[in-house]
Amino acid sequence: MPDLRFEGIGMTSARTRDRLVQRLREQGIANESVLERIRNVPRHIFVDEALGSRAYEDTALPIGFGQTISQPYIVARMTEALLEGGAADNVLEVGTGCGYQTAVLAPLVKRLSTIERIEPLLTRARERLKELGIRNVRFRHGDGALGWKTQGPFDAILVAAAPLTVPEPLLKQLKVGGRLVVPIGPEGHQQLVRFTRREQRNDREQLGAVAFVPLLGGTS
Ligand code: SAH
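Just so you know, these numbers come straight off a predicted model, no measurement behind them. (Residues numbered from 1 in each chain as written. Predicted model: local features only at pLDDT ≥ 70, side-chain atom pairs only at ≥ 80, totals over all residues. Heavy atoms only, no water.)

1. Details of the site of the ligand
Rules: When at least one non-hydrogen atom of a residue lies within 4 Å of a molecule or strand, that residue is treated as near it. Contacts described as polar in this section are N or O atom pairs within 3.5 Å, which, within protein, must combine one atom able to donate a hydrogen with one able to accept it, while residues neighboring in sequence count only if both atoms come from side chains. Reported accessibility uses the Shrake-Rupley method at a 1.4 Å probe radius. Residues are deemed covered only where the shown protein chains occlude them. The numbering of helices and of strands both runs from the N terminus, where a helix is a DSSP run of H or I of at least 4 residues and a strand a run of E of at least 2. Put simply, Ala, Val, Leu, Ile, Met, Phe, Trp, Tyr, Cys and Pro go in the nonpolar bin, Asp, Glu, Lys and Arg in the charged bin, and everything else, Gly too, in the polar bin.
Contacts to the ligand come from 24 residues, most closely from C98, E116, D143, G144 and L216. Within the side chain of E116, one N or O atom sits 2.6 Å away from an oxygen atom of the ligand. One of the side-chain nitrogen or oxygen atoms of D143 is found 2.8 Å away from a nitrogen atom of the ligand. Contact with the protein chains removes 99% of the 580 Å² of surface that the ligand exposes when unbound. Mapped onto the shell around the ligand, the elements with two or more residues apiece are β2 (67-69), α5 (100-105) and β4 (111-116). The element contributing the most residues to the shell around the ligand is β2, with three residues. A breakdown of the residues in the shell around the ligand according to their chemical character gives twelve nonpolar, nine polar and three charged.

What follows is the structure in C-alpha cells.
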C-alpha cells in the first residue's frame with residue numbers, strides 16, 4: 001500500500017506540486033533533474049503538521065530553534081548553480097536544517113556529507129532521509145564553517161546559512177574546478193556567490209540577492 005503521508009492529499013497533492021514546479025520554471029530554473037526533485041521530494045514531511053498545507057508554497061517556513069526550511073526557489077537555484085560546471089561526485093552541505101535541501105540534492109550526486117550545528121535538527125533530518133530511502137548521505141554535528149577535511153576534497157560545497165565573509169577552510173577543501181555556493185553578507189544585504197577554485201586563484205560570480213539565517217560559530 002502506498003504511504004499516504006508521502007503521497008499527500010489536498011494541498012500536498014501532485015497538482016499542488018506541479019504548480020510549484022511551473023512557478024520555478026517561470027522564474028528561470030531550467031535544470032530538469034532539479035525540477036524533478038522539487039516535484040518528488042515530499043516537502044510537507046519536513047515541516048510541522050500544522051504547516052503541512054503551506055509546504056508547497058514558495059516560501060521559507062519555521063522548523064524550530066529559530067531556523068527555517070529554505071524556500072523551494074532558493075533550494076532549486078542553489079542546487080542548479082552547484083551542479084553547473086563540473087562533476088558533483090563528492091559534495092558537502094553546510095546547514096542541514098530539516099534536511100529538505102539534503103533530500104533534493106542527494107540523488108543528484110554520488111556522495112553527500114552534511115553538517116549541522118543544532119543537534120536535534122540533525123537527528124530529525126537523519127530520520128527523515130532514512131524514511132525516504134536516501135542512503136548516500138553522511139551526517140555530522142559540528143561547525144560547518146570548518147568544513148569536513150577527512151571527507152574532502154569536494155567537487156562542490158553548498159552553504160545554507162550566511163557568513164559575513166567566505167570561510168577560508170571551505171575554499172581550501174575544494175578540488176581544482178570545484179564550486180562553492182554560499183550566501184554572503186549581513187542580514188538584509190546578502191548576495192549568493194559562487195566561487196570556482198582554479199589553480200592559482202578563485203573565480204567569483206554574484207548570483208543575486210538572497211535572505212538567509214546567519215552562519216554561526218560553535219555548536220548547540
Ligand atoms: N536547507 C536547510 C536550511 C536550514 S537554515 C533546510 O532546507 O532546512 C540553515 C541551517 O544552518 C540552520 O539549521 C542552522 O542551524 C545551520 N547553521 C548555521 N550556522 C552553522 C554552522 N556554522 N555549521 C553548521 N550549520 C550551521
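2. What about the sheet that holds strand β9 (residues 202-210)?
In plain terms, the rule: One bridge is not enough; two strands pair if DSSP finds at least two bridges between them. In this description, a line fitted to the C-alpha atoms serves as the axis of each element, helices being fitted only across the stretch in contact, and the angle between N-to-C directions of two axes falls anywhere from 0 to 180 degrees. Contacts are assigned to residue pairs with any non-hydrogen atoms lying within 4.5 Å of each other.
An order of β5-β4-β3-β6-β7-β8-β9 is seen for the seven strands of this open sheet, with the pairing classed as mixed. Only two strands of the sheet have a single neighbouring strand rather than two, namely β5 (137-141) and β9. Taking the axes of each pair of neighbouring strands and ignoring which way they run, one obtains an average angle of 15 degrees across the sheet. For strand β3 (residues 90-94) and β4, the ladder comprises five bridges, and the chain directions are parallel. Opposite E93, over in β4, you have T114 as the bridge partner. Sheet strands in contact with helix α6 (residues 119-131) are β4 and β5, and its direction is about 165 degrees off that of β5.

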